[in-house]
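# Understanding the architecture of this molecule
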Amino acid sequence: IEALVRAEHQATLSQMKTEVARTDAPITSYFAQVADDPSVQLVSRAQLAYGRKALAGTPHEKLPLLSAAAPFKWGGRGGWNNYTDIPIGPVAVRHVADLYVYPNTVKAVRITGAQVREWLEMSAGQFNRIDPKGPAQQPLVNESFRTYNFDTLDGVSYRIDVTQPARYDRDGKLVAPEARRILDLRHAGQPIDEKAEFIVITNNYRASGGGGFPGLDGSNIVLDAPDENRQALAQYLAGEKRIDPSADNNWHIASVPGVKLQFTSGTGGIRYLPRHPQIRLVKDNGDGSALFELVN
C-alpha cells in the first residue's frame, strides 16, 4: 500500500507546504480567549474581503459590514500544544487549515444594532462572573463554555464587564435579563444605533442557529455562499501576498480594580508576552501549561 500511494502522498505533502503569503508578525492563538487576537483577526479580515466582493451590486452592499469569528485552537481537550503558532515568514497551505479547522461555508446575516449587542452578550458568557470584593486572584475563563462559540465582532468596538452576570447561559437561554456585560458598543466611533441594520459575515453553523445565539435561526441569511471560510481565507492570503495580522484591539475586558484576572494557556505563549503588554506570566505549571493574568 505504501508503494502504491507514495507519489500521491509526496504530492500532498508538497502541496500543503506551498507558500500562499508571508506574515510580518506571528499568528498565534495563545491569548485568543482573553484579548483581541491575530489568528481570529486574520479570519475576520478574510471574511470581510469576501463579503464586500460577494455583496457588491446587491441591495445589501451599502449596509455596514461586520465579521464574526471565534478561536478554534485553544488548548482544551487537544492538549497544551493545541494552539495556532505561525512564526514570522511564509504562510503555507497547511497553515490555512490550522487557522480554520472546520469545513464551514461563508454566510451573511442581516441584523439590527440591538441584535449585534445580543450576539456579543451571548459570546461574553465565556467568562466567569468576577466579584470585585472577592479574592485578590480570580479565574477569568469559564472552562465549560464552548470556545468556538466565543465570537468576537470586527467592525465595532466594545468592552466586556465581567463583574456582571452572564446574560445568557451556554445554550443561549436568557437567564439574567437585567445584566449587561457589553459596554461602550460603538460603530464608526459612535454609540451603535440599535435600530440600524448591519450585515455580519459568519459561517453556516452560526447563521443557521448553531450555538443558540439570539436572533440567529437561518431566517435572516442574505448571503448563502458555497465557498468554505478557509477557502475565503486562502483567497485573501494569496491576494495580499504580505500581511500584518496584528490585532487592532477593538475589544477588551474591563479591568476590575483590586482583582487579578487569571487564566491558563500553553507555555508556548510565554515567548510572545512582549507583544502583549496587558498580559503577565504568573507561573509555569511544568506540564505544558502556564498561569497568566491580565494587567490592570
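Residues numbered from 1 in each chain as written. Predicted model: local features only at pLDDT ≥ 70, side-chain atom pairs only at ≥ 80, totals over all residues. Heavy atoms only, no water.

## What about helix α2 (residues 38-55)?
If you check α2, its first and last C-alpha atoms are 25 Å apart, about what 18 residues at 1.5 Å a residue would give, namely 26 Å. Most of α2 is tucked away: 13 of the 18 residues are buried. Two residues or fewer past α2, Gly57 is found with a positive phi of approximately 85°. (Helix = DSSP H or I, 4+ residues; strand = E, 2+ residues; numbered from the N terminus. Expected span 1.5 Å × (residues − 1). Buried < 20%, exposed > 50% of the residue type's maximum accessible area, 1.4 Å probe, protein only.)

## Quick notes on the side chain of Gln47
Mapped onto the fold, Gln47 is located in helix α2. Looking at Gln47, the relative accessible area reads 2%, which means it is buried. The residues contacting Gln47, other than those within four sequence positions of it, are Ser67, Ala68, Tyr100, Ile201, Thr202 and Asn229. (Contact = heavy atoms within 4.5 Å.)

## Observations concerning the sheet that holds strand β16 (residues 260-266)
Reading across from one edge, β7-β16-β18-β17 is the order of the four strands in this open sheet, with mixed pairing throughout. Of all strands in the sheet, those with a lone pairing partner are β7 (137-139) and β17 (279-284), marking the two edges. Strand-to-strand twist of the sheet, defined as the mean angle between neighbouring strand axes without regard to direction, takes the value 40°. As defined by bridge partners, β16 adjoins strand β18 (residues 289-294) across five bridges and the pair is classed as antiparallel. Bridged to Thr264 within β18 is Leu291. (Pairing = 2+ DSSP bridges. Axes fitted to C-alpha atoms, helices over the stretch in contact; angles between N-to-C directions.)

## So, the nonpolar core
Val34, Val116, Trp119, Leu140, Val162, Ile253 and Leu261 are the most contacted members of the largest nonpolar core, which totals 46 residues. Ranked by the residues each element gives to this core, the list is headed by helix α4 (residues 113-123), at four residues. Dropping the residues within four chain positions of it, Val34 is found in contact with Leu140, Val141, Trp251, Ile253, Phe263, Ile279 and Leu294. Val20, Phe72, Tyr236 and Ile243 belong to the second largest nonpolar core, which has 19 residues in total. (Core = buried A, V, L, I, M, F, W, Y, C linked by side-chain atoms within 4.5 Å.)

## A word on unusual backbone geometry
We note that Lys241 has phi near 70°; this positive angle belongs to a residue other than glycine. Assignment of secondary structure puts Lys241 in the loop between α6 (229-240) and β14 (242-243). For Asn249, which is not a glycine, the phi torsion comes out positive at approximately 55°.

## A closer look at the sheet that holds β14
In space, the three strands of this open sheet follow the order β5-β1-β14, with mixed pairing throughout. One side of each edge strand has no neighbouring strand; the edge strands of this open sheet are β5 (89-92) and β14. As paired elements, strand β1 (residues 19-23) and β5 share four bridges and run antiparallel to each other. When the bridges of β5 are listed, Glu19 appears paired with Ala92.

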